[in-house]
Amino acid sequence: MPEQQTLPPQPSVRRTDQVTALFSRDRSYTEREVNEALLTVHEDCSALRRHLVFAGLLVRPRDGSSYRRVR
């Protein structure tokens, strides 16, 4: 069984910048687009996506129909 990747409890600023750099501030993304981008850096794209929303780096409407980069 392959080794399971886990998200670090306190992601470094450098790592956060690397992840947010995947997204332009000038457009909205579908959940599928966000997941595809996040899969390039981590296999658990859902957990990473939730972390980015919780940290305020990505925002989404209540219905989750789109995502936008904040910073």
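So, here is what we can say about the structure in this document. (Residues numbered from 1 in each chain as written. Predicted model: local features only at pLDDT ≥ 70, side-chain atom pairs only at ≥ 80, totals over all residues. Heavy atoms only, no water.)

## Re the packing of aromatic side chains
And then number 1: What the rule picks out here adds up to one aromatic pair.
And then number 2: Note on phenylalanine 23 and tyrosine 29: the rings are 5.2 Å apart at their centroids and 75 degrees apart in plane angle, and the pair reads as edge-to-face. (Phe/Tyr/Trp six-rings, centres within 6.5 Å; stacked < 30°, edge-to-face > 60°.)

## Description of the nonpolar core
And then number 1: The biggest cluster of nonpolar side chains holds 13 residues, and the ones touching the most others in it are Val19, Phe23, Val34, Leu38, Leu48, Leu52 and Leu58.
And then number 2: Contributions of two or more residues to this core are made by helix H2 (31-38) and helix H3 (45-54).
And then number 3: Once you skip the residues sitting within four places of it in the chain, leucine 52 turns out to touch Val19, Leu38, Leu57 and Leu58. (Core = buried A, V, L, I, M, F, W, Y, C linked by side-chain atoms within 4.5 Å. Buried < 20%, exposed > 50% of the residue type's maximum accessible area, 1.4 Å probe, protein only. Helix = DSSP H or I, 4+ residues; strand = E, 2+ residues; numbered from the N terminus. Contact = heavy atoms within 4.5 Å.)

## So, the environment of leucine 38
And then number 1: With respect to the element layout, leucine 38 can be found in helix H2.
And then number 2: Assessed through its relative accessible area of 0%, leucine 38 is described here as buried.
And then number 3: Considering only alpha carbons, one finds leucine 38 and valine 19, 19 residues apart in sequence, at a separation of 7.3 Å.
And then number 4: In contact with leucine 38, other than residues within four places in its own chain, are Val19, Leu22, Phe23, Cys45, Leu48, Arg49 and Leu52.

## Considerations on the pattern of salt bridges
And then number 1: The full count for this structure, using the stated rule, is three salt bridges.
And then number 2: For the salt bridge of glutamate 33 with arginine 27, the shortest nitrogen-to-oxygen distance reads 2.9 Å.
And then number 3: The exposure class of arginine 27 is partly exposed, given its relative accessible area of 36%.
And then number 4: Across the pair glutamate 31 and arginine 49 runs a salt bridge, and its minimum N-O distance is 3.8 Å. Here arginine 49 lies in helix H3 and glutamate 31 lies in helix H2, a separation of 18 residues in the sequence.
And then number 5: When its relative accessible area of 9% is taken as the criterion, arginine 49 is described as buried. (Salt bridge = Lys/Arg side-chain N within 4 Å of Asp/Glu carboxyl O.)

## A few points about the environment of leucine 57
And then number 1: Relative to the elements of secondary structure, leucine 57 occurs in the loop between H3 and strand S2 (58-59).
And then number 2: The class for leucine 57 is buried, based on a relative accessible area of 8%.
And then number 3: Sequence separation between leucine 57 and valine 70 is 13 residues; the distance between their C-alpha atoms is 5.3 Å.
And then number 4: Apart from residues lying up to four places away in sequence, leucine 57 is in contact with Thr16, Thr20, Leu52, Arg68, Arg69, Val70 and Arg71.

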